[in-house]
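# Architecture and fold: a report
Here is what each chain is made of, one letter per residue.
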Amino acid sequence: MGPGLLLLFIIGDILGTGIYALTGQVAGEVGGAAWLPFAIAFVVAAITACSYLELVTKYPQAAGAALYVHKAFRLHIVSFLVCFTVMCSGITSASAASRAFAANLAAGFGLDVGNTVILAIALGFMLLVLAVNLRGVGESVKINVVLTSIELSGLLLVILLSMWFIAGGDADFSRVVAFETATDKSVFLAVSTATSLAFFAMVGFEDSVNMAEETRDPARIFPRIMFTGLGVTGVIYVLVSICAVAVVPVGVLAESETPLATVVQTATPASRSPTCCRSSRCSPSRTPR
């Protein structure tokens, strides 16, 4: 892998489907200031990335966190526990992403299906990804280029349609700076919860260190490509969150299982509802902070 393929791998790993699924939940925690948790999560991810970059340049091998822990402590039980934890994290992340993919697929094709069909689609998608990974790294990288282009174009479409909607004077930009939390949560707790959700959408960059053995000159390439990928995704996440809350009321966004699909439907001229975007009934009862 050269710099181009590695950059696409990192961007694709970070973007994933987290932003497609979690934008509404983040907005549900902090209101219209949903961009703030994503910005904080970006800073935390950048600090974490510095640690990974230091280690991957010293040990440019596959295995990632488990390898680094083993090099530090030389205890097999500790290395196993870290490996098992990373595996559980990957399964959780993949299941959440697959569920979001299935829900967006059903919404995109207008399928009125229940949770059982959504679960079946999610499992089928995971099995397809499993088959590609078992086939080989070369095939995985090629498929990653295609899927990254699709998910990146989807987010750019959300931003462009939202900008068109905002330029037409139909959006409520005051929501972007409205910080609101549920009545039973303090500001600190709400921001912490939202940031943890946003950070989940940012993770993925740490998986790229497992591709060190497949990368030409990783000690030189990884640092600049890692930060470039983080910077690109950070900007996209902040822009998407700002556009989402400006176009769709927070209450509607938080209740939707496919929040970005709701944004696109609202911003598309053929499906606009003149009164929905400003209706007070769209927002749940909250206490401004």
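Up top is the structure.
This report concerns the structure included in the present document. All of these numbers come straight from a predicted model, not from anything done at the bench. (Residues numbered from 1 in each chain as written. Predicted model: local features only at pLDDT ≥ 70, side-chain atom pairs only at ≥ 80, totals over all residues. Heavy atoms only, no water.)

## Overview of helix 1 (residues 3–15)
Over its 13 residues, helix 1 extends 18 Å from the first C-alpha to the last, a length consistent with the 18 Å expected when each residue adds 1.5 Å. Here helix 1 has its buried residues at Leu6, Phe9, Ile10, Ile11, Gly12, Ile14 and Leu15. As for helix 1, its buried residues are in contact with helix 2 (18–30), helix 7 (137–167), helix 8 (187–202) and helix 9 (218–247). (Helix = DSSP H or I, 4+ residues; strand = E, 2+ residues; numbered from the N terminus. Expected span 1.5 Å × (residues − 1). Buried < 20%, exposed > 50% of the residue type's maximum accessible area, 1.4 Å probe, protein only. Contact = heavy atoms within 4.5 Å.)

## What about the pattern of salt bridges?
Under the counting rule described, the total for this entry stands at 4 salt bridges. Here Glu54 ties to Lys58 by a salt bridge, and the two come within 3.7 Å at their closest N and O atoms. With Glu54 and Lys58 both in helix 3 (residues 35–58) and 4 residues apart, this pair spans about one turn of that helix. We classify Glu54 as partly exposed; its relative accessible area is 46%. (Salt bridge = Lys/Arg side-chain N within 4 Å of Asp/Glu carboxyl O.)

## Brief notes about the environment of Ile150
Note that Ile150 resides in helix 7. Taking the relative accessible area as the measure of exposure, Ile150 reaches 53% and is therefore exposed. In this structure the C-alpha to C-alpha distance between Ile150 and Ile91, which are 59 residues apart in sequence, comes to 23 Å.

## Observations regarding the side chain of Thr258
Take Thr258: it is sitting in the loop between helix 10 (250–255) and helix 11 (259–267). Setting aside its immediate chain neighbours within four residues, Thr258 contacts Ala103, Asn104 and Ala107.

Structural measurements only, silent on function.
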